[in-house]
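For reference, the chains in residue letters:
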2 protein chains.
Amino acid sequence: MARAATTSDAFNAIAEPQRREILMLLRGGERSVTELARDLGMSQPQASKHLRVLREVGLVRVREAGKQRLYGLDARGLRPIHEWVGGFERFWNGTFDRLDEYVRDLKQARQEEAADDDDQ
Amino acid sequence: MARAATTSDAFNAIAEPQRREILMLLRGGERSVTELARDLGMSQPQASKHLRVLREVGLVRVREAGKQRLYGLDARGLRPIHEWVGGFERFWNGTFDRLDEYVRDLKQARQEEAADDDDQ
DNA sequence: TTGACGCATTCCGATATAGGCATATGATGA
DNA sequence: TCATCATATGCCTATATCGGAATGCGTCAA
């Protein structure tokens, strides 16, 4: 089997740096395809393709405006990602693992200490 | 050019559901490859391959323990992702975009109103 | 109606999977 | 030393890109 489609979910969609740049740019408001392509230094077809992926996972919306198509951000799909990654927050705060080990060692030390007390 | 390597960064690494499951499981502590494979219902080679990817982007660490290799979580690499996605937090809170549009419409309505006043 | 403009789509080529299977590598214990 | 257990790696197939170039298509203005 091949790699999952970029359109399978938001996780795959934002794995591509250029698509992340598109999303960041769209925080400033709606943009036309040509504008996006120009500002991000990519070809128009590439912009269209990336926008299609973002559209299929629901991270952007389109609005027709004459000849142009204005793409706007729809960040709701990013929320599950934020929450999933947030579930690891306590683990990247400093030396959690070492602290965890430290706590374990501490407990063990106390037990041994208690055992020594019992012996005496 | 083809798609970026899964080992290029954490964004690509966590795009794969099974790798996300591995990370979630490792929140409970270190696990051996066989344990991971069993608990997640994947073959041992697949587990090893996914772990290699996670290792190369620095999301897990290995510790040799006799015949086994215990993999542990190193979530620090998830922090940049959390922060990047967090930059969109205000955009998924409720009807931000509509509120934005509403504010625009309101401004425009006020300007037209002012113009009408001038006319009269 | 015609030409120009803005976008989307298609075709092509190079690449990197993900999964199954077989096998090499390494450490352990008898 | 040898058999066994735990992992890692190599090979193969099917697939899904990402980028470039060319092209189709709808809209708008003259």
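Per an unreviewed UniProt entry, chain A carries the name Transcriptional regulator and comes from Streptomyces populi.

Student: Is there a simple way to think about the protein's contact with DNA strand D in this case?
Tutor: If you check the shell around DNA strand D, you find 29 residues, and the closest are Lys 49 of chain A together with Met 1, Thr 34, Ser 48 and Tyr 71 of chain B. A breakdown of the atoms of DNA strand D within 4 Å of the protein gives sugar and phosphate a share of 63%. Arg 19 of chain A places a side-chain nitrogen or oxygen 3.2 Å from a phosphate oxygen of DNA strand D. Val 33 of chain B places a polar main-chain atom, nitrogen or oxygen, 3.3 Å from a phosphate oxygen of DNA strand D. For the surface near DNA strand D, the elements supplying multiple residues, two or more each, are α2 (17–26) and α4 (44–56) of chain A together with α3 (33–40), α4 (44–56) and β3 (68–73) of chain B. For the surface near DNA strand D, the element with the most residues is α4 of chain B, which contributes five residues. Counted by class, the surface near DNA strand D contains eight nonpolar, 11 polar and 10 charged residues.

Student: Sorry, what's going on with the pattern of salt bridges here?
Tutor: Opposite charge on two side chains permits pairing when their charged atoms draw close. Throughout the structure, instances matching the rule amount to 16 salt bridges over all chains. The partner of Asp 9 of chain A in a salt bridge is Arg 20 of chain B, and the shortest N-O contact between them spans 4.0 Å. A residue pair is termed interchain when its members come from two chains, as with Asp 9 of chain A in the segment before α1 (10–13) and Arg 20 of chain B in helix α2 (residues 17–26). By relative accessible area, Asp 9 of chain A is classed as partly exposed at 22%. When its relative accessible area of 11% is taken as the criterion, Arg 20 of chain B is described as buried. The closest approach of N and O atoms between Asp 74 of chain A and Arg 76 of chain A, which form a salt bridge, is 2.7 Å. Judged by its relative accessible area of 9%, Asp 74 of chain A is buried.

Student: I tried to follow α4 of chain B on my own but got confused; where do I start?
Tutor: An α-helical segment advances 3.6 residues per turn. Residues three or four places apart therefore align on the same side. Residues and elements named next belong to chain B. Here α4 is 13 residues long and its end C-alpha atoms lie 18 Å apart, about the 18 Å a rise of 1.5 Å per residue gives. Those residues of α4 not exposed but buried are Ala 47, His 50, Leu 51, Val 53 and Leu 54. For α4, the arc enclosing every buried residue in end-on projection is 155°, short of the 170-degree limit, so these residues lie on one face. What points out from α4, more than 90 degrees from its buried face, is the exposed set Lys 49 and Arg 52. At its buried positions, α4 is contacted by α1 (10–13), α2, α3, β2 (60–65) and β3. Here α4 starts with a cap whose side-chain oxygen sits 3.2 Å from the backbone nitrogen of Gln 46, and that cap is Ser 43. Once α4 finishes, Gly 58 follows within two positions and takes phi at roughly 80°, a positive value.

Cut-off values and rules
- Residues numbered from 1 in each chain as written.
- Chains lettered and ligands numbered in written order.
- Predicted model: local features only at pLDDT ≥ 70, side-chain atom pairs only at ≥ 80, totals over all residues.
- Heavy atoms only, no water.
- Near = heavy atom within 4 Å.
- Polar contact = N/O pair within 3.5 Å; in protein donor to acceptor, adjacent residues only side chain to side chain.
- Helix = DSSP H or I, 4+ residues; strand = E, 2+ residues; numbered from the N terminus.
- Nonpolar A, V, L, I, M, F, W, Y, C, P; charged D, E, K, R; others polar.
- Salt bridge = Lys/Arg side-chain N within 4 Å of Asp/Glu carboxyl O.
- Buried < 20%, exposed > 50% of the residue type's maximum accessible area, 1.4 Å probe, protein only.
- Expected span 1.5 Å × (residues − 1).
- Arc of directions from axis to C-beta.
- Contact = heavy atoms within 4.5 Å.

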